[in-house]
Structures are given as structure tokens and as C-alpha cells.
Amino acid sequence: MVTGREETGAGARERDAPTPDALAAELAAARPDLHVTPGLGHALADAVAAAERTWPGLSLPARRFVAALAARLAADRPVEAALAELCVDDLYLACACVDGDPKALAGFDRLLVPIVERAAARRGATASQQTDLQQIVRERLLMPRPSAADESHARLAEYSGRGNLRAWIRVVATRETLRLLGRPQREVSGDDDAIAALMPADAGPEVEHFKRHYREAFKQAFREAVAALTDRERVLLRQHALDGLSIDRLAEFYGVHRSTTARWIDGARRSVLEHTRRALGRRLHVPVSELDSIMRLIDSRLDITLPTLLREPGTPADPGKRR
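Residues numbered from 1 in each chain as written. Predicted model: local features only at pLDDT ≥ 70, side-chain atom pairs only at ≥ 80, totals over all residues. Heavy atoms only, no water.

Identification of the protein as Transcriptional regulator from Nannocystis radixulma is taken from an unreviewed UniProt entry.

Structure representation (C-alpha cells):
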């Protein structure tokens, strides 16, 4: 039998749990504008216990959870009534996710994935696009971002607990699905925008020659190169090139060293160039020296061109090349 210092799990949590009076005192200290009723401590203890039963094994201290509850209680309602109106189980999970608890993040993902899949399926998204959207929604909700107070916090920290967490995720998933897939058909193709970015109007004779002879070949080659990216490569390039996330912020989000993220992004960029070179080689049948000249031009302006190609919805993909 485990005893003393060796006691772990639910038994240790129960032994160390604050008393109802202590919980009520914590809430009163956090929200002195609220009137603490005699039964509030037991109501808080019940809320904590119910949340722990719903999400067992999370390392969220009761006092931390009570502070989160206090911040979300309506001031114009009796405090116990306001507490009863909160989705305490969902809020408990959200708080643990914001604190970086691995089990909480896994539980959150089990909620998120089917919600995103349904939102994406309604717009006719491919399996690859659904994977992209899942990662985008994770990033939107879990990645720390600067706040008005010049502090960083995840958007999930803004969840009020006054509505179902699934519905809250669904709003974000729907918005991101529309942003990625719901553009009007009348928009100009990203291919043409990419060519314009690659070949500025005041460029020299080399670029003019490229425009005249290789425009269509490049459009198809670049589309193939983007489609051939792995799911992680494509998401990383979108996060970096489209959303403007720095290597440091991406490293924080993925939980790796910044050198690892830099290596991933560089590898994805080189993958685009290598696939583009092979595709152009198949189409153009030009001497190696001329192909090298074309690739030097593409490489020098790839960071300008990539955002347009990555933004384009419905990029065709060969499922056999996905991994």
C-alpha cells in the first residue's frame, strides 16, 4: 500500500485539497466586489470535484481554478447563481490547457478534431485541407499572442465559460474554414499574383525572357511543388509566410528548440525549390546552365512568391506524395 510521501493520484489530491472555507476565501480575495454567501465554499468545492471527475489526472490546482472562476463570475448576479451558469467542466479543461498540461491538451484535441472535420467537410475540404485546418485552429487557440497589456496569452485563456466549449471551438473552426476555403471564385488566381511577385515590372532582360518563355511552365511547376509538400511542411510555411509567426514563436508552439523549427522551415523551402526544379526540367528541356539561371531567379524571390501560392485554395495534390 502506498502511504506518506509515496501517496499519489486522487488520494494525494484529496488530502491536499483546500477546504470549502479556503476556496471561498480565495474567491473573495480575487473578487472583493462579490458578496460571499455562507454556502459558496461548498458550491466551489462541488464545482472543483465535478470538474476533476470529468477530467481526471489533470494537474490544475484547485486555487488556480477558483481564480479562473472568480474572473468569470457576473457581478450583477448572486454569486452562487452566477457560478451555476458557468460550464465549469469546460473551463477546467481550458485552464489546464492554457497552463500547458499534456493530458489537458490531448483532451482538448479530442474535442477539436471532429469539430474541425465537420466544419471543413461542409465546405468540401480535402483530407489534406482538413489536416491544415486542424493545425491552424490549434494555433489560433493555443499559441500565445501579445495582448493589449503587452503580455502573451493563448486565445483559449479568453474562453468565458458562459457557453459550451465545443460551440466556442466551432465558431473558430468555421471562421478559419471560410478564410481558407470560402473565397469568392471571382478572385484572381494566385498563380498570376505569384508570377507578378516573382517578376517585378522593372526587372532586367533575364526576367523579361523568363516572362515570355517560361510563365506557364513555372505556374504548373510551382503548383506541383506546393502540392508535393508534406502536411507539416505546408502548415509550417503557411504559419511562417502567411501568418508572420517567427521561428521563436513556432518553436514555442511546437515545444522544440528554435534551431529545430528553423531547420524544418529551411527544409520545406528547399523542398519547394527541388520539386520546382524537377518539374521545370521535365517541361522546358533547356540546358542545365539555363535551368540553373532560372532557379537562381526563383530562389532569390521565393519568400515573396510563397505566400500567394500557399494562400490559394484548392491546390491540387497527389495523395501518393503526402505523408
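Together, Arg-118, Arg-122, Arg-166 and Arg-170 give the surface a local cluster of positive charge. Those elements that provide at least two residues to the positive patch are helix H7 (102-122) and helix H9 (165-181). Residue Arg-118 is classed as partly exposed on the basis of its relative accessible area of 46%. (Patch = residues over 30% accessible without salt bridge, like charges linked within 9 Å, V, L, I, M, F, W, Y side chains within 5 Å. Areas by Shrake-Rupley, 256 points an atom, 1.4 Å probe, with all protein chains shown as cover. Salt bridge = Lys/Arg side-chain N within 4 Å of Asp/Glu carboxyl O. Lys, Arg positive; Asp, Glu negative; His and termini not counted. Charge placed at Lys NZ, Arg CZ, Asp CG, Glu CD. Helix = DSSP H or I, 4+ residues; strand = E, 2+ residues; numbered from the N terminus. Buried < 20%, exposed > 50% of the residue type's maximum accessible area, 1.4 Å probe, protein only.)

Another aspect to go through is the environment of Asp-76. By secondary structure assignment, the location of Asp-76 is in the loop between helix H4 (62-72) and helix H5 (79-84). Taking the C-alpha atoms as reference points, Asp-76 and Leu-34, 42 residues apart in sequence, are found 9.0 Å from one another.

This part is about the pattern of salt bridges. The tally for this structure, following the rule as stated, stands at 8 salt bridges. Two residues, Arg-138 and Asp-109, come together in a salt bridge whose shortest N-O distance is 2.6 Å. Of the two residues, Arg-138 is situated in helix H8 (residues 127-142) and Asp-109 in helix H7; the sequence distance between them amounts to 29 residues. Residue Asp-109 is classed as partly exposed on the basis of its relative accessible area of 24%. Residues participating in the shared-partner salt-bridge network are Glu-139, Arg-140 and Glu-176.

A complete count under the given rule lists 2 aromatic pairs for this structure. For the ring pair Phe-65 and Tyr-92, a centre distance of 5.0 Å and an interplane angle of 85° mean the geometry is edge-to-face. Placement of Phe-65 in helix H4 and of Tyr-92 in helix H6 (residues 88-98) is noted, with a sequence separation of 27 residues between them. Classification of Phe-65 as buried rests on a relative accessible area of 0%. (Phe/Tyr/Trp six-rings, centres within 6.5 Å; stacked < 30°, edge-to-face > 60°.)

In summary, soluble globular proteins display a tendency toward joint burial of nonpolar side chains. Formed by 51 residues in total, the largest nonpolar core has its most connected members in Leu-27 and Phe-65. Ranked by the residues each element gives to this core, the list is headed by H7, at 9 residues. Residue contacts for Phe-65: discarding those within four places in its chain leaves Ala-47, Val-48, Ala-51, Leu-60, Val-88, Leu-91 and Tyr-92. By size, the runner-up hydrophobic cluster in this structure holds 15 residues, among which are Leu-236, Leu-245, Ile-265 and Val-272. (Core = buried A, V, L, I, M, F, W, Y, C linked by side-chain atoms within 4.5 Å. Contact = heavy atoms within 4.5 Å.)

In this model, the protein carries an average pLDDT of 76, and 72% of its residues clear a pLDDT of 70 or more. Across the protein, the element-wise mean pLDDT spans from 48 in helix H10 (residues 190-198) up to 95 in H6. For the stretch residues 183-194, pLDDT sits under 50, and the model shows 18 contacts to residues farther than four places along the chain or on other chains. Low pLDDT, under 50, characterises residues 312-323; the stretch is placed with 27 contacts to residues that sit more than four places away or in other chains. (pLDDT = per-residue confidence, 0-100.)

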